[in-house]
Each structure stands twice: as structure tokens, then as C-alpha cells.
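Architecture and fold: a report
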Amino acid sequence: MSAIDGLKSDVLVVGGGPAGLAAAIALRLQGFSVTVADTRQPPIDAACGEGILPAGVDALGRLGVPLGAADGFPFRGIRFIEGAGSVEAPFSGASGIGVRRTRLHTLLTRRAMELEVRLLWGTRIAEPSSRSSFEWIVGADGQQSAVRRSAGLGAALSLSHRFGFRRHYRLAPWTNMVEVHWGARCQFYVTPVAPDEIGVALLTRDSHLRIDAALCEFPTLSRRLANAACTSSDRGSIISTRRLWHVTRDRTALVGDASGSLDAIAGEGLSLAFLQAHALADAIAAGDLRAYQARHRRLARRPLIMANLLLMLDRLSWLRPTIWRGLALEPSLLSRVLATYTPGGRLA
Ligand SMILES: Cc1cc2nc3c(=O)[nH]c(=O)nc-3n(C[C@H](O)[C@H](O)[C@H](O)COP(=O)(O)OP(=O)(O)OC[C@H]3O[C@@H](n4cnc5c(N)ncnc54)[C@H](O)[C@@H]3O)c2cc1C
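Everything in this summary refers to the structure shown in the same document. (Residues numbered from 1 in each chain as written. Predicted model: local features only at pLDDT ≥ 70, side-chain atom pairs only at ≥ 80, totals over all residues. Heavy atoms only, no water.)

Okay, the nonpolar core next. As a rule of thumb, nonpolar side chains are buried together in soluble globular proteins. Residues V34, I52, L60, F274, L280 and Y292 are the most contacted members of the largest nonpolar core, which totals 71 residues. The element best represented in this core is helix 7 (residues 269–285), accounting for 11 residues. Ignoring anything within four residues of it in the chain, the contact list for L280 reads A23, V138, A253, V255, L289 and Y292. Listed in part, the 22 residues of the second largest apolar core include W182, L311, W324 and L334. (Core = buried A, V, L, I, M, F, W, Y, C linked by side-chain atoms within 4.5 Å. Buried < 20%, exposed > 50% of the residue type's maximum accessible area, 1.4 Å probe, protein only. Helix = DSSP H or I, 4+ residues; strand = E, 2+ residues; numbered from the N terminus. Contact = heavy atoms within 4.5 Å.)

In C-alpha cells, the structure reads:
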């Protein structure tokens, strides 16, 4: 007997991470009754860089989850650093925000409860077989999605794998930019998440590399972190780039990482999930999941290009100095690319 046997609602969302909760909220706002089931207990933490781009902040605001300075640390753009050189691009107008995953999860859970979403924590859904009790099934169960498998939506267009680890330090941010430090075999993402805390995420192809060993290759960053206390234990995850041919079948739809994932170097997974949540709720309200399939593809297009370009730079280390020099000479180019991260930009 499964925990969902006998339960009824319009929608069952499998997975109560950021994507699942955002989808549940968006669907409730359209008037649907929604049940969310997640294996884990809140607040759910995850290996993540924890930067939410302006378009993601805007999408969350439209769900009734406004993020302010009390929730994290606003950042005004992205800075790429390699050796002694750096290029940066401020967002135009809006800010992004670094928010601890546990805080984000608490805020999303609180909003879902306010809207009377039924929340089943500690509940694994192996196969949403009781689908007769639910009009629609939403798979928001992450990269290894069981819903994707059981709906036969597993066929992927492109695949790459890297490894990500994150750690937090008690340290006042030295900048209001997210910094991406590039090295020979990895990147470090540094995101301010509070006035006295920063998050550091290591992204690498090397499955054996860990944060401490990698930091030795980044003397400036290492010096900054040297005397700061760690405020979290390390968490790691495989980072997949996976694009699916289809994200819907019959009355089942996928959202967030279950619906295809981007390398974390793009820093767009969360923002994309929040935008997909709105698109999915609109499509279900119209009774037509084909609209979601089309909008999902449009939303993913530019972030996928961006992630692939950055992954190419990861592989072609000899090319990077030239690229950084070019961008330093023409900073408006990077700003124009980042303009698509803001509300009203193409990502939105
Ligand atoms: C190192 C790293 C750094 C990153 N940095 C950033 C960043 O800076 N900015 C950004 O926007 N994105 C970033 N990302 C990507 C971002 O973390 C993901 O895109 C985001 O977590 C996706 O959310 P989700 O809800 O789809 O999946 P998840 O967060 O994986 O949530 C899935 C949920 O489903 C539940 N679940 C799984 N199976 C079942 C089941 N059978 N039954 C019930 N529940 C189930 C899980 O318990 C989990 O809570 C990063 C990722 C990594 C790995």
C-alpha cells in the first residue's frame, strides 16, 4: 500500500524540491487542488551554488514568494576571474540574490502551506500508479526522475557529466557580484548568501577532486577563505547536462531537473525551474500540455547554449585568455548576454 492510495486531488507533484513546490504553488494559484510528495523532510538542503538570477527572483515574486535582503544577499552581476585578470557584467536594473537552499525551501513550503497544498514529507513515490486519483502527474523528482522513467520520457538529446561540491564560510562578502574563478581543471563559484556568509561551489570534470585540494590552485581565493570558519558540511552531486526530446506524455509533465538539466556553470537551474512552473500551470489551466512542451523548449534554449559555451571554455583552456581579453575590451557584449537573465529578457 502506498502513502498516496486513497488520496485525491487534481494534481500529484512527485518531488517537493524548488521545482515541485514552485509548480504546486503556481497550480494552486490557478485553482487546482495539489498534493506534493517528497522522500525527504523539510527544510531540504542540496549541493547548489544558491544564486538566483533576476528572472528567477521575478518568477518567485509572481508565485507570492518575494525575496528580500533579509532572505539572502542581493548580487548585481557576474564576474569571471582567471589568474590576475577578470571581466564582469552587471545586470541591467534588477538584482539576483544568493539564498541558502534551506531558507528557499522554507519560504516555498510556507507559501505552499498558506495556499493549502497537501504536503506529504518522507513519502517516496516509486511509480505514480494511483493516477486514477489524480488528473495530472507532475514529475519534479530531480535528475534521476522515477516519473520520467515510468512515463517513458527518458530519451535524452545530449549528455555530459561533471561533479559539484559546495561549502559555506562565515565571512562577510567582499563583493556584491557572483564570482566564477576559472582554473586548469575546475571552477569555483562564490555566491554571497548573507551579510556574514558566502557559499563556495566547486565544479569539475575530475571525480576525485575535492574543495580543499582544488583551492590550492586558487591562491587569491584560498587566502580570503583561510581564516573563515565553515558553516556547513560539504555536499556533492553529479552535474548532468541532459536535454529531453519530450517533457510531457498524456497527462504527465516534467519540471525542473527532472525535465532536463544544465551544467551548474550556467547558474540557471533554479530560475529555469520557477519559469517552467508558471508555464506548466498555464498549460494545465488551458488543458493542453502541448503548450508546455513548446514553452519548455523555448525557455531552455538560451540557457543551454550558454551552458554549452561555458563548458567549451572549460575544455579549451588555451582559448580562455583570448576570450577574457576580448570581453574586457567589449564589456557591453557580456552585459547584453546577461540582459537575458533579467525579467523581460529572453529567459523570462
Ligand atoms: C554544485 C551545484 C551548483 C548549482 N548552482 C546553482 C546556482 O547557483 N543557481 C541555480 O539556479 N542552480 C544551480 N544548480 C542547479 C540547481 O541546484 C537545480 O537545478 C535545482 O536543485 C533543481 O531543483 P529540482 O526541484 O528540479 O530538483 P531537486 O532539487 O533535485 O529536488 C528533487 C526532489 O525530489 C525528491 N524526490 C526524488 N525522487 C523522489 C521520489 N521517488 N518520490 C518522492 N520524492 C522524490 C527529492 O527528495 C528532492 O527533494 C546547481 C547544481 C549543483 C549540483
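This is not the end of the story, as more comes after the structure.
This part is about a nonpolar patch on the surface. A cluster of nonpolar side chains, I305, L309 and M312, forms an exposed patch at the surface whose accessible area comes to about 260 Å². With respect to the element layout, M312 can be found in helix 8 (residues 289–315). (Patch = residues over 30% accessible without salt bridge, like charges linked within 9 Å, V, L, I, M, F, W, Y side chains within 5 Å. Areas by Shrake-Rupley, 256 points an atom, 1.4 Å probe, with all protein chains shown as cover. Salt bridge = Lys/Arg side-chain N within 4 Å of Asp/Glu carboxyl O.)

What follows covers the packing of helix 2 (residues 54–62) against helix 7. One can describe the packing of helix 2 onto helix 7 by two numbers: an axis separation of 8 Å at closest approach and a directional angle of 40°. With respect to their mutual orientation, helix 2 and helix 7 come out oblique. You can see that helix 2 and helix 7 cross each other, and the crossing is left-handed. For the pair formed by helix 2 and helix 7, the contact residues are A55, G56, A59, L60 and R62 on the first element and S271, F274, L275 and H278 on the second. Looking at the contact of helix 2 with helix 7 residue by residue, the class counts come to five nonpolar, three polar and one charged. (Axes fitted to C-alpha atoms, helices over the stretch in contact; angles between N-to-C directions. Parallel < 35°, antiparallel > 145°, perpendicular 65-115°, else oblique. Left-handed = near helix turned anticlockwise from the far one by under 90°. Nonpolar A, V, L, I, M, F, W, Y, C, P; charged D, E, K, R; others polar.)

Within helix 2, burial applies to P54, A55, G56, V57, A59 and L60. Check the buried side of helix 2 and you find it contacts strand 3 (51–52), strand 7 (96–98), helix 3 (101–114) and helix 7. Phi turns positive one or two residues past the end of helix 2, at G64, with a value near 85°.

Neighbouring residues of the ligand: 34 residues in total, closest D38, G49, G51, D257 and L270. With respect to the ligand, the side chain of R101 contributes an N or O atom lying 2.9 Å from an oxygen atom. In isolation the ligand exposes 1000 Å². Once the protein is present, 89% of that is buried. Secondary-structure elements contributing two or more residues to the shell around the ligand are helix 1 (18–29), strand 2 (34–38), strand 14 (235–244) and helix 7. (Near = heavy atom within 4 Å. Polar contact = N/O pair within 3.5 Å; in protein donor to acceptor, adjacent residues only side chain to side chain.)

Considering all chains together, one arrives at 23 salt bridges under this definition. Between D45 and R166 there is a salt bridge, with the nearest N and O atoms lying 2.6 Å from each other. You can see D45 sitting in the loop between strand 2 and strand 3 and its partner R166 sitting in strand 10 (residues 156–170), a full 121 residues away along the chain. The class for D45 is buried, based on a relative accessible area of 11%.

Overall, the coordinates contain five aromatic pairs when judged by the stated rule. Centre to centre, the rings of F75 and F91 are 5.9 Å apart; their planes meet at 50°, and the pair counts as tilted. Of this pair, F75 sits in strand 4 (residues 73–75) while F91 sits in the loop between strand 6 (85–90) and strand 7, placing them 16 residues apart in sequence. Taken as a pair, F75 and F91 share a single burial class, namely buried. A network of ring pairs unites the aromatic residues F80, W182 and W324 as a single cluster. When the ring centre of W136 is taken as reference, the NZ or CZ atom of R251 above it lies at 4.1 Å. (Phe/Tyr/Trp six-rings, centres within 6.5 Å; stacked < 30°, edge-to-face > 60°. Lys NZ or Arg CZ within 6 Å of the ring centre and 35° of its normal.)

On to the pairing of strand 12 (residues 186–194), then. Burial runs high along strand 12: nine of the nine residues are buried. Note: strand 11 (residues 178–182) against strand 12, four bridges, orientation antiparallel. By the bridge assignment, W182 is partnered in strand 12 with Q187. Note that strand 12 and strand 13 (residues 197–204) share eight bridges and pair antiparallel. Bridged to A194 within strand 13 is E197. The turn joining strand 12 and strand 13, which pair antiparallel and follow one another in sequence, is formed by two residues. (Pairing = 2+ DSSP bridges.)

In space, the six strands of this open sheet follow the order 8-2-1-9-16-15, with mixed pairing throughout. Two strands bound the open sheet, and with one partner strand each, they are strand 8 (118–121) and strand 15 (248–249). Sheet contacts for helix 8: strand 9 (134–139), strand 15 and strand 16 (252–254); angle to strand 16, the most-contacted strand, approximately 15°.

Another point: the pairing of strand 5 (residues 77–82). Regular strands show a simple pattern: their side chains alternate between the two faces of the sheet. Burial within strand 5 is extensive, with five of its six residues counted as buried. Where strand 5 lies against strand 6, six bridges are found, and the strand directions are antiparallel. If you follow I78 over to strand 6, its bridge partner there is A89. Hairpin geometry of strand 5 and strand 6 is characterised by an intervening segment of two residues between the two adjacent antiparallel strands and by a positive phi of about 60° at G83. Inspection of the sheet shows strand 5 paired to strand 11 by four bridges, in the parallel sense. Within strand 11, the position partnered with F80 by the bridge is V180.

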